[in-house]
Amino acid sequence: MNLRFVTLNAILMLASLPARADEFAPKFHADPRRFESPQNFAVELRLGRYRPSVDLEPGLKSQPYREVFGDSASLYMGLEFDWQALRIPYFGTIGPGIAVGYMDNTTTAPFKVPRLDGAASGSTTSLEIFPAQLLGVLRADALWREWGIPVVPYFKGGLGVARWRSFSDGITSSSASGVAAKGTVYGYYIAGGAAFNLNVFDRYTARNFDQRIGVNNTYVFFEVYTASLESAFTGKPLYAGTTSWTAGLLFEF
Amino acid sequence: MTLFSRGVRALPSYALAVAALVSGGSALAQTITLPSPTTDFRTASGRTGTTEVIYGLSRADCEADLVYTFHPTIATWSTGEFQVWASNTADCKSKDARTATSNRQCWQVATPTPAFINGSLTVPIKGRDLVSYVGKSPPDVYTPADVTACTNQSGTAAVKITLYFLIVDSSSKEALGTGASYGLSTDLLAPSAPDITSIEVKNQALKVNWGTTTDVDILTYDICRDDGVPVASAGVIDAGTPDGAGLGVGGSACAPIGGDAGTTSTTGDAETTADAEATLDTGTPDASAIDASDTDVQVSPDITTTLTCASEGKGVTSHTFDGLDNDKVYTFVLKARDALGNQGDVGAAACQYASTTSNFFDAYSAAGGQAGGGFCSIGHGSLTGLTSIAMGVACLALLRRKRRS
């Protein structure tokens, strides 16, 4: 080994030092997936409006829902859990999901015969619906993962079921013939929507959220859906489904 | 100054010191202890709460001439006289509190027992004696109280009386030894109930609302109703106003029930009330229950024995009576009860009747809707394939869970 060879090596090593230092620095703008925990599931917290399609039932002589509850819609609250079972490269995820929710509409129950003393009714009448869905969920998150565009379109479809009950002052109503005002209806559910990834606003916090809790992505979403619940397991169905919208937060983990 | 003269001048001091030592020695020797309260301490009150309240003196106790029986134990009683004193303001171990000619704050509540009996004594004390001189100038000797003592209270709040079991020197009137004391709650005045302010009309139910009150002496409210009379026989129906004549029905047709309606009662009032009840409540117009005693009593009799009553806590301002018949006029009265069980006068009675309401399912059924009947009831259905199987499994699971529970 002669002096010239050693000198050349030393120069090359010195020249390479800055590059090596750079390698040890955090790369916040590099591929974010490099720091991600595994992602297999998603949870949605859902809020929306819900106005059941009761009055659309064929054969009704009037619009009982509108007559009793007016034109207002009710608040819908729901929760959805998805298993992102399969990742399709350069497209997104697909997997099963299950969703449950609740809505109710309550109003004053009027007297059957108006009272001469003008007293107001203190009774209430309510319709509550517990919708649930068994779904297939397709989330096309390639826009976000491959190109950094924070929008994820998605589609859902599956079986919808709803348990309904009508009650007055907490007691289940019944017809003159003794039929209890409750039942279960089923049908199909389809939905489409878009989720906006909030990680873009603060990648550092998003990464901490992932490393500490395991949440890879946090989204806000907006979804339109149709729950066509027009069949009953027994007897006649109450059209408890609806076509409406829902919005909320989505967490992938 | 010589040593002798200094010694002479110091004699009074020595004498005082010796006297103090003698007195102190005597005090240590005579010790009074009281056993923990037991059920034979007094007749069971049925109350809950602190010991002071459970064994305390109510108006009814006082009128019934309740006698407390204490069993103090006295050790090495060799001198002095056993006495029992009471006060709501002062410590009766202090001689001044017992003997001062003006502003005396203690009064004697039991006659002296024979002296020099070591061991357990039986000391009966009348409840009336406990309260006879609250807020008054007591005499310097034991003076038995009569029933008029049972009205001796200015406010509705309970008064704590402390009993002092003492050995008192006959000549100096100083308390000797270690006395014992015991606190009791006394309450001779019942709280007043607020007025019923409104009654919400529901289907087979009426919700009675009342106002808040500043009376601190309230433990619970008793809200009571009668058995109701059909609207048709209750009189003219008008809008009514929440005045003393009652609410909602017939203006003055809402007669008070169960006691006198808000004024200090007398025997005559109560009987008049009973007559009024008889016109309203054909069920059990029990005059004897209403006019419980012919004494000048401000506390109303227990209406809960003749009416359907519910109890609500102090902070509650409404109660809903469910399961009523629609189109039947019910009369409601409200009473307040304090911790010692004193039940105040009823406020103004209020009347209302429940009415049938229509609900969503009525409207749906009237429109021709035929849904309903539950989840797993037998009915006509049309299902196919996997959906049928899934729903069947869910149904079976639900039925099984119901059976288990």
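Residues numbered from 1 in each chain as written. Chains lettered and ligands numbered in written order. Predicted model: local features only at pLDDT ≥ 70, side-chain atom pairs only at ≥ 80, totals over all residues.

Participant: Can you break down the overall build of chain A residue by residue, with the values?
Facilitator: When its secondary structure is counted, chain A shows four helices and 10 strands. Written out in order from the N terminus, the α and β elements of chain A read α-β-α-β-β-β-β-α-β-β-β-α-β-β. When each of the 253 residues of chain A is scored for burial, the buried share is 37%. Within chain A, counting contacts between residues at least 6 apart in sequence, those at least 24 apart form 67% of the total. (Helix = DSSP H or I, 4+ residues; strand = E, 2+ residues; numbered from the N terminus. Buried ≥ 20, exposed ≤ 12 C-beta atoms within 10 Å, placed from the backbone. Contact = placed C-beta atoms within 7 Å.)

Participant: Lay out the pairing of strand E5 (residues 124-139) of chain A with the relevant residues and their values.
Facilitator: Residues and elements named next belong to chain A. Examined bridge by bridge, strand E4 (residues 92-108) and E5 share 14 bridges and lie antiparallel to one another. Paired with alanine 99 across the bridge in E5 is glutamine 133. Sheet topology note: the E5/strand E6 (residues 151-168) ladder contains 15 bridges and is antiparallel. Residue pairing in the sheet places glutamate 128 in a bridge with arginine 165 of E6. (Pairing = 2+ DSSP bridges.)

Participant: Tell me about the nonpolar core, and name the residues and values.
Facilitator: Formed by 74 residues in total, the largest nonpolar core has its most connected members in B:Trp85, B:Val109, B:Leu163 and B:Phe332. Broken down by element, this core gets its largest block of residues, eight residues, from strand E9 (residues 159-168) of chain B. Among the domains, domain 1 (20-187) and domain 2 (196-353) of chain B are the pair contributing at least three residues each to this core. Leaving out residues up to four positions away in the same chain, B:Phe332 has contacts with B:Ile196, B:Ile199, B:Val208, B:Ile223, B:Cys224, B:Arg225, B:Ala349 and B:Ala350. Formed by 41 residues, the second largest nonpolar core is a distinct cluster that contains A:Tyr76, A:Met103, A:Ala195 and A:Phe233. (Core = buried A, V, L, I, M, F, W, Y, C linked by C-beta atoms within 7 Å. Domains from an automatic or database assignment.)

Participant: Help me get a handle on the pairing of strand E13 (residues 220-225) of chain B, residues and values and all.
Facilitator: Residues and elements named next belong to chain B. The buried fraction of E13 is high, at five of six residues. As paired elements, E13 and strand E15 (residues 308-313) share six bridges and run antiparallel to each other. Looking across to E15, one finds that isoleucine 223 is bridged to alanine 310.

Participant: Describe the interface of chain B and chain A, and please don't skip the residues or the numbers.
Facilitator: With 38 residues of chain B in contact, the opposing surface of chain A contributes 43 residues. Elements supplying a minimum of two residues to the side of chain B that touches chain A: strand E11 (196-202), strand E12 (205-210), helix H9 (360-366) and helix H10 (385-404) of chain B. The element contributing the most residues to the side of chain B that touches chain A is H9(B), with five residues.

Participant: Which residues make up unusual backbone geometry, and what values go with them?
Facilitator: Residue and element names in this part refer to chain B. You will see that lysine 173, though not glycine, has its phi angle at about 65 degrees, which is positive. With respect to the helices, strands and loops of the structure, lysine 173 is situated in the loop between E9 and strand E10 (175-187). Looking at lysine 173, the number of C-beta atoms within 10 Å reads 15, which means it is partly exposed. We note that aspartate 327 has phi near 60 degrees; this positive angle belongs to a residue other than glycine. Assignment of secondary structure puts aspartate 327 in the loop between strand E16 (318-322) and strand E17 (328-337). Judged by the 15 C-beta atoms lying within 10 Å of it, aspartate 327 is partly exposed.

Participant: Summarise the environment of B:Gly119; cite the residues concerned and give the values.
Facilitator: Residues and elements named next belong to chain B. Its location among the elements puts glycine 119 in strand E7 (residues 119-120). Judged by C-beta crowding, with 9 C-beta atoms within 10 Å, glycine 119 ranks as exposed. Each C-alpha atom, one on glycine 119 and one on threonine 73, is 5.1 Å from the other, the two residues being 46 residues apart in sequence.

Participant: Please provide a residue-by-residue account of the sheet that holds E11(B), values included.
Facilitator: Residues and elements named next belong to chain B. Taken in spatial order, the three strands make up an open sheet running E11-E12-E16, and their pairing is antiparallel. The open sheet has two free edges, formed respectively by E11 and E16, since each of these has just one partner strand. With direction set aside, neighbouring strand axes in the sheet form an average angle of 15 degrees. Judged from the five bridges that link them, E12 and E16 form a sheet pairing that is antiparallel. In the sheet register, alanine 205 faces E16, and the bridge partner there is aspartate 322. (Axes fitted to C-alpha atoms, helices over the stretch in contact; angles between N-to-C directions.)

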